[in-house]
Amino acid sequence: MSLEESLSAVEQLIEQVSAALLAADPTSLEKHSTALRDAAADFSRVLEQAAARGLPLPASLQKRADAIRSMLVLHRESLARLAASTDRQAAGLLPPSNAAATYGDGLGTRGTAPGVARIYRSAS
């Protein structure tokens, strides 16, 4: 695969990941993100092979690679925002896991803290 072909594959997949992020489609996002990771690894291998042969990266391809880098930064930020939004939504639907029990410590241990009524202690 040539540098041009591998870079084009990465660009196409970045567009698909962008569309999946905008649509908030997790299935499509996962599928295209995995394909993007694989295409980026292929591009990296092709780039290393070209460098080993002493071929410099043409300026036009360098500009496109820089644009990809910028898009990946935007994707990372979008994913962080999406994760934060999802966390807030989940926190609104589910009680926090570290919430104190209504009576005692909720661990089934003998209550020794002041203010815990005897009636709520286990008989063991």
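Residues numbered from 1 in each chain as written. Predicted model: local features only at pLDDT ≥ 70, side-chain atom pairs only at ≥ 80, totals over all residues. Heavy atoms only, no water.

Engineer: Quick question: what am I supposed to make of the side chain of His75 here?
Structural biologist: With respect to the helices and strands, the residue His75 is situated in helix H3 (residues 59-93). His75 gets classed as buried once you look at its relative accessible area, which sits at 7%. At 2.7 Å, the side chain of His75 forms a polar contact with the side chain of Ser18. Those residues in contact with His75 that sit more than four places away from it in its chain are Ile14, Val17, Ser18 and Leu21. (Helix = DSSP H or I, 4+ residues; strand = E, 2+ residues; numbered from the N terminus. Buried < 20%, exposed > 50% of the residue type's maximum accessible area, 1.4 Å probe, protein only. Polar contact = N/O pair within 3.5 Å; in protein donor to acceptor, adjacent residues only side chain to side chain. Contact = heavy atoms within 4.5 Å.)

Engineer: Please explain the side chain of Ser6 as it appears in this structure.
Structural biologist: As for its placement among the helices and strands, Ser6 is situated in helix H1 (residues 3-23). Polar contacts involving the side chain of Ser6 include one to the main-chain carbonyl oxygen of Leu3, which spans 3.1 Å.

Engineer: Explain the pattern of salt bridges to me, please; I cannot follow it from the model alone.
Structural biologist: A pair can form between side chains of opposite charge whenever their charged atoms are brought close. Counted according to the given criterion, the structure contains six salt bridges. The partner of Asp42 in a salt bridge is Arg45, with the nearest N and O atoms 2.3 Å apart. You can see Asp42 and its partner Arg45 sitting in helix H2 (residues 26-52), three residues apart, about one turn around the helix. On the basis of relative accessible area, Arg45 is assigned to the partly exposed category, the value being 45%. In this structure, a network of salt bridges that share partners links the residues Glu4, Glu11 and Arg64. (Salt bridge = Lys/Arg side-chain N within 4 Å of Asp/Glu carboxyl O.)

Engineer: It is not clear to me how the layout of surface pockets should be interpreted in this structure. Could you clarify?
Structural biologist: Empty space among the atoms becomes apparent when a probe as large as a water molecule is rolled across them. Of the volumes computed, that of the largest pocket is approximately 150 Å³. Mapped by element, the contributors of at least two residues to the lining of the largest pocket are H1, H2 and H3. If one sorts the elements of the lining of the largest pocket by residue count, H3 sits on top with four residues. Residue classes in the lining of the largest pocket are distributed as nine nonpolar, no polar and one charged. (1 Å grid on protein atoms, 1.4 Å probe; cavity = no way out; pocket = protein on both sides within 12 Å on 5 of 7 lines; lining within 4 Å. Points joined across faces, edges and corners; volume = space filled by probe spheres on them. Nonpolar A, V, L, I, M, F, W, Y, C, P; charged D, E, K, R; others polar.)

Engineer: So what exactly am I meant to see when it comes to unusual backbone geometry here?
Structural biologist: Note: most peptide bonds trans; most residues except glycine with negative phi. The phi dihedral of Ala24 is positive, around 55°, even though this residue is not glycine. One can find Ala24 in the loop between H1 and H2.

Engineer: Quick question: what am I supposed to make of H1 here?
Structural biologist: Note that an α-helix has 3.6 residues per turn; residues three or four places apart therefore point the same way. The end-to-end C-alpha distance of H1, which contains 21 residues, comes to 30 Å, matching closely the 30 Å that a straight helix rising 1.5 Å per residue would cover. For H1, every residue scored as buried is listed here: Leu3, Ser6, Leu7, Val10, Leu13, Ile14, Val17, Ser18, Ala20 and Leu21. Axial view of H1: buried residues confined to an arc of 160°, hence all on one face. Seen from the open side of H1, the exposed residues pointing more than 90 degrees away from its buried face are Gln12, Glu15, Leu22 and Ala23. Lining the buried residues of H1 we find H2 and H3. Of the residues trailing H1, Ala24 is marked for its positive phi of about 55°. (Expected span 1.5 Å × (residues − 1). Arc of directions from axis to C-beta.)

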